[in-house]
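What follows is the residue order along each chain.
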Amino acid sequence: MKKIVLASKNSDKVKEMRLALQVLPVEILSLSDFPELPDAVEDGATFEDNALIKARFFAARTGLACLADDSGLEVDVLGGLPGVHSARFAGWHANDATNNQKLLDELGKIGATESNAAYRCALAFVDTDGTEIVTQGKIAGTIKTAAQGTGGFGYDPYFYIDADKTMAQISPADKNQISHRGAALKEMILILRQRIY
């Protein structure tokens, strides 16, 4: 059975991706299976750049096919921030709570309580033969300063998918159906079905 390494240490993201990828006849590993490996340096200018950096880095070091995601939030009134810096918006050792507080602080500085926004995702797959595949997904919504819901992760409690429901208020399965990562995964799975027997 083919092995694919998910290039993430984010356990929530790994769970989400495992759920979607269970339709493929593959064994899914994550970076927790390779604790000795260093982090990839994500210094790309776009989500696609960073996804490819991670996929190439961990494919080379594990000798296995690798699937990497880079995703984040773009808030219109903040000029697209936090963008590619979403995971470290509040600094190198940021977590969901500090990143969300930084988001609220930045909105507060300009007196905004809501804004059009989008989640974006780029997925990069690097196979053992060097083949590279990239897919992308996006979901538009609204960022509001009032959090709702305890599910999801990242900026989900502040990302409204309609007038009164956030990404943190839907099930993981429903999230995979509509999310930016879900869209990128659906496209990637269609392509991988043709490569993996």
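Look above for the structure.
Residues numbered from 1 in each chain as written. Predicted model: local features only at pLDDT ≥ 70, side-chain atom pairs only at ≥ 80, totals over all residues. Heavy atoms only, no water.

Draft legend 1. Spotlight on the layout of surface pockets. What the largest pocket holds in volume is close to 1,000 Å³. If you trace the largest pocket, you find 41 residues lining it, with N10, K13, E42, A87 and R88 closest to the centre. Where the lining of the largest pocket is concerned, the elements lending two or more residues are helix 1 (11-21), helix 2 (47-62), strand 3 (65-75), helix 3 (96-109) and helix 5 (180-195). Per-element accounting of the lining of the largest pocket gives the leading share, 6 residues, to strand 3. Across the lining of the largest pocket, the residue classes break down as 15 nonpolar, 13 polar and 13 charged. Lining the second largest pocket, in full, are D12, K15, E16, L19, G152, F153, M167, I170, S171, P172 and K175. Elements that contribute at least two residues to the lining of the second largest pocket include exactly helix 1 and helix 4 (172-178). If you tally residues by element for the lining of the second largest pocket, the top one is helix 1, at 4 residues. (1 Å grid on protein atoms, 1.4 Å probe; cavity = no way out; pocket = protein on both sides within 12 Å on 5 of 7 lines; lining within 4 Å. Points joined across faces, edges and corners; volume = space filled by probe spheres on them. Helix = DSSP H or I, 4+ residues; strand = E, 2+ residues; numbered from the N terminus. Nonpolar A, V, L, I, M, F, W, Y, C, P; charged D, E, K, R; others polar.)

Draft legend 2. Inspection of the nonpolar core at higher detail. Residues I4, L21, L67, L123, F125 and L192 are the most contacted members of the largest nonpolar core, which totals 21 residues. At the level of elements, strand 1 (2-6), helix 1, strand 2 (26-30), strand 3, strand 4 (114-126) and helix 5 are the ones that each hand at least two residues to this core. Discounting residues that sit within four places of it in the chain, F125 has contacts with K2, I4, A65, C66, L67, T131, E132, I133, M188, L192 and R195. Counting residues in hydrophobic clusters, the runner-up holds 19 residues, among them L29, F34, A51 and A124. (Core = buried A, V, L, I, M, F, W, Y, C linked by side-chain atoms within 4.5 Å. Buried < 20%, exposed > 50% of the residue type's maximum accessible area, 1.4 Å probe, protein only. Contact = heavy atoms within 4.5 Å.)

Draft legend 3. Representation of the pattern of salt bridges within the structure. Considering all chains together, one arrives at 15 salt bridges under this definition. The residue K9 makes a salt bridge to D39 at a minimum N-O spacing of 2.6 Å. One end of the pair, K9, is in the loop between strand 1 and helix 1; the other, D39, is in the loop between strand 2 and helix 2, with 30 residues separating them in the sequence. Looking at K9, the relative accessible area reads 57%, which means it is exposed. Judged by relative accessible area, which is 46%, D39 ranks as partly exposed. R195 is paired through a salt bridge with D127; the nearest N and O atoms lie 2.7 Å apart. Taken as a pair, R195 in helix 5 and D127 in the loop between strand 4 and strand 5 (132-144) lie far apart in primary sequence, 68 residues in all. A relative accessible area of 8% means that D127 is categorised as buried. (Salt bridge = Lys/Arg side-chain N within 4 Å of Asp/Glu carboxyl O.)

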